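Each chain is listed here by its residues.
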Amino acid sequence: MKVLIVYYSMYGHIHRMAQAVAEGVKEVAGAEVALRRVPETLSEEVLQKMGALEAQKSMANIPVCKVEELATADAVIFGTPTRFGNMCGQMKQFLDATGQLWAKGALVGKVGSVFASSATQHGGQESTILSFHITLLHQGFVVVGLPYTFQGQTRIDEITGGSPYGASTIAGGQGERLPTENELAAARYQGKHVTTIASKLARG
Ligand SMILES: Cc1cc2nc3c(=O)[nH]c(=O)nc-3n(C[C@H](O)[C@H](O)[C@H](O)COP(=O)(O)O)c2cc1C
């Protein structure tokens, strides 16, 4: 059982969530997990202006994903920060390079799932995940979310990300808020849940 976690993170919030998703994957016996970043599309100059260079350096040890790797996985869990309520351009560019895989039906029947991050509480986490699902469905993925059996998503005693569509975190306007324990628990749950479904599918 091979699970790929493919993500883009500018300031590190999705990176932290991706690590928690990986912990959840590893809870399933026999599961192998690999973390991958999608290629950067912005210049170093632009990244510097956006205050992202330090965070980028701290993620430099994560290998950059090649599109062909998607075909080798049983499940792919994608992570993206929200950009105007949608996935980020880096992720879109990566997915737009998967036409060869689409032509061969190479991703049909794999499990696909998405987690997200936004600056504000209602800044588009759900629309980001749901609009991402459209691409996954075109590629034939079996789309999996974060069911309410993850009880942390019903909490109202604290501000929290997470919805039936997938785990998410709220980064704050200056990126000052880090993923909370509840949000990380959601990410772990999603990792485990996706892997469990993928292994059931693999067993036929
Ligand atoms: C061009 C741009 C558009 C953004 N659009 C939104 C948005 O629509 N809603 C929101 O809440 N945050 C928005 N953000 C904030 C990012 O989602 C936030 O920086 C990100 O979730 C942090 O995750 P990261 O540290 O993994 O990059 C935007 C940021 C940029 C640079």
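Residues numbered from 1 in each chain as written. Predicted model: local features only at pLDDT ≥ 70, side-chain atom pairs only at ≥ 80, totals over all residues. Heavy atoms only, no water.

Q: Mind showing me how you'd approach the site of the ligand here?
A: Close to the ligand lie 18 residues, the nearest being Ser 9, His 13, Thr 82, Ser 117 and Gly 123. Backbone polar atom of Gly 85 to an oxygen atom of the ligand: 3.2 Å apart, as the coordinates give it. If the ligand stood free it would expose 650 Å²; the protein chains cover 81% of that surface. When contributions to the shell around the ligand are tallied by element, the ones reaching two or more residues are α1 (13–26) and β4 (111–118). Looking at the shell around the ligand, its residues break down into 8 nonpolar, 9 polar and 1 charged. (Near = heavy atom within 4 Å. Polar contact = N/O pair within 3.5 Å; in protein donor to acceptor, adjacent residues only side chain to side chain. Areas by Shrake-Rupley, 256 points an atom, 1.4 Å probe, with all protein chains shown as cover. Helix = DSSP H or I, 4+ residues; strand = E, 2+ residues; numbered from the N terminus. Nonpolar A, V, L, I, M, F, W, Y, C, P; charged D, E, K, R; others polar.)

Q: What is the right way to read helix α6 (residues 125–138) from this model?
A: Residues spaced three or four apart along an α-helix face the same direction, because each turn holds 3.6 residues. Compared with the 20 Å implied by 1.5 Å per residue over 14 residues, the 21 Å span of α6 between its first and last C-alpha is a close match. Restricting attention to buried positions, one finds in α6 the residues Gln 125, Thr 128, Ile 129, Phe 132, His 133 and Leu 136. Taken down its axis, α6 places every buried residue within 140° of arc, on the same side. Seen from the open side of α6, the exposed residues pointing more than 90 degrees away from its buried face are Leu 137 and His 138. On its buried face, α6 sits against β3 (75–81), α4 (89–96), β4, β5 (142–143) and β6 (168–170). One or two positions beyond α6, positive phi appears at Gly 140, with a value near 90°. (Expected span 1.5 Å × (residues − 1). Buried < 20%, exposed > 50% of the residue type's maximum accessible area, 1.4 Å probe, protein only. Arc of directions from axis to C-beta. Contact = heavy atoms within 4.5 Å.)

Q: Got a minute to help me understand the environment of Met 87 in this structure?
A: Tracing the chain through its elements places Met 87 in the loop between β3 and α4. Met 87 gets classed as buried once you look at its relative accessible area, which sits at 11%. In sequence terms Met 87 and Ser 117 are 30 residues apart; their C-alpha atoms lie 9.7 Å from each other. Excluding its chain neighbours within four sequence positions, the residues that come into contact with Met 87 are Thr 80, Pro 81, Lys 92, Leu 95, Thr 128, Phe 132 and Thr 135.

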